Amino acid sequence: MPNPTQTDKISKGQGFIAALDQSGGSTPKALRLYGIEEDAYGSDAEMFDLIHEMRARIIKSPAFTGDKIVGAILFEQTMDREIDGTPTGQYLWEECGVVPFLKVDKGLADAENGVKLMKPMPGLDAVLERAVAKGMFGTKMRSVVDAADPAGIKAIVDQQFEVGQQILGHGLIPIIEPEVTISIADKAEAEEILKTEILAKLDALPEGEVVMLKLTLPTVANTYKALVDHPKVLKVVALSGGYSRDEANAKLAENSGIIASFSRALTEGLSAQQSDAEFDTTLGAAVDAIHAASVAG
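To start, this report covers the structure provided alongside it.

Rules used throughout
- Residues numbered from 1 in each chain as written.
- Predicted model: local features only at pLDDT ≥ 70, side-chain atom pairs only at ≥ 80, totals over all residues.
- Heavy atoms only, no water.
- Helix = DSSP H or I, 4+ residues; strand = E, 2+ residues; numbered from the N terminus.
- Buried < 20%, exposed > 50% of the residue type's maximum accessible area, 1.4 Å probe, protein only.
- Lys, Arg positive; Asp, Glu negative; His and termini not counted.
- Salt bridge = Lys/Arg side-chain N within 4 Å of Asp/Glu carboxyl O.
- Contact = heavy atoms within 4.5 Å.
- Phe/Tyr/Trp six-rings, centres within 6.5 Å; stacked < 30°, edge-to-face > 60°.
- Lys NZ or Arg CZ within 6 Å of the ring centre and 35° of its normal.
- Pairing = 2+ DSSP bridges.
- Right-handed = clockwise from strand over helix to strand, strands pointing away.

1. Comments concerning the side chain of Glu-197
Mapped onto the elements, Glu-197 comes out in helix H8 (residues 187-204). It is Lys-154 that comes nearest to the buried, bridge-free Glu-197 among opposite-charge side chains, at 5.2 Å. Each residue touching Glu-197, except ones within four places of it in the same chain, is listed here: Ile-153, Lys-154 and Val-157.

The following block contains the structure:
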């Protein structure tokens, strides 16, 4: 079963969740934004070494503490690596007071019915066993809604909750993430369909089981209030989804009970070329701003 102290931290903690889970496909862009171009590494192994150095620098910064950050989502390789000789998940909890999660999806399938489902995860049980052994509290998995297509959105929610049951079976808390693309014309309509489908799945969850939800900041503020208040939801978190940090924070502050789980918006402005003092100051300003928006509602 999940660690009760960590459960309490997520449900009641005044802070946000840092998304440090860029995977193979998004790592080059993350490094480029950090000031490391693709000609700086000659292999995937070197690329992943560099992204781990970036993540370790963030986690070891004095700005990265459980006072304002309640959780962090890790890429599988990050979970398997160490920071100063300590496994990353253990370091996060013991040194920072931050609850560790693991990204478990393997990317997106081809678009169909206006959505992109998750690719199959045939080795998921083995990954979940390792996650438990490595001290993970929960997991995260992402699929994408590109249109207000009722059949497509139902398929996304069905898949997310089916895999969520598998994750719950290992004593981990799933973060269910059906991202709605921010640029689509029918975004508000898609969000209403998504809310209805998720509510039906939450109502059907067995007694004693809870999930978390990671959702795109809605077009209409507090669209997801019924999900925030649902007894089967431990926490609703929001992704930045391509909004700038300032835009994302402004939208987040309008939504009661939702906290941030930002990736690019958290690392915006950080650079490999910065001194430690410059890096810590920049990260500290980001943490303060995202934290303020997370507790505003």
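2. Things to note about the packing of aromatic side chains
Scanning the entire structure with this criterion turns up two aromatic pairs. Judged by centre distance (5.5 Å) and plane angle (80 degrees), the ring pair of Phe-101 and Phe-137 falls under edge-to-face. With Phe-101 in strand E5 (residues 99-103) and Phe-137 in the loop between helix H6 (124-133) and strand E7 (138-145), this pair connects stretches of sequence that are 36 residues apart. In this structure, Arg-57 is placed above the aromatic ring of Phe-279, and the distance from its NZ or CZ to the ring centre is 4.1 Å.

3. Quick notes on the pairing of strand E8 (residues 173-180)
For E8, the tally of buried residues reaches eight of eight residues, placing the bulk of the element in the interior. Going residue by residue along E8, you find Ile-173, Ile-175, Glu-177 and Glu-179 tucked away on one face and Pro-174, Ile-176, Pro-178 and Val-180 tucked away on the opposite face as well. Of the strand pairs in this sheet, E7 and E8 are connected by eight bridges, and their pairing is parallel. Opposite Gly-138, over in E8, you have Ile-173 as the bridge partner. The β-α-β motif built from E7, the intervening helix H7 (residues 150-168) and the parallel element E8 has right-handed crossover chirality. Inspection of the sheet shows E8 paired to strand E9 (residues 211-216) by two bridges, in the parallel sense. Within E9, the position partnered with Ile-176 by the bridge is Leu-213.

Keep in mind these values describe shape, not function.
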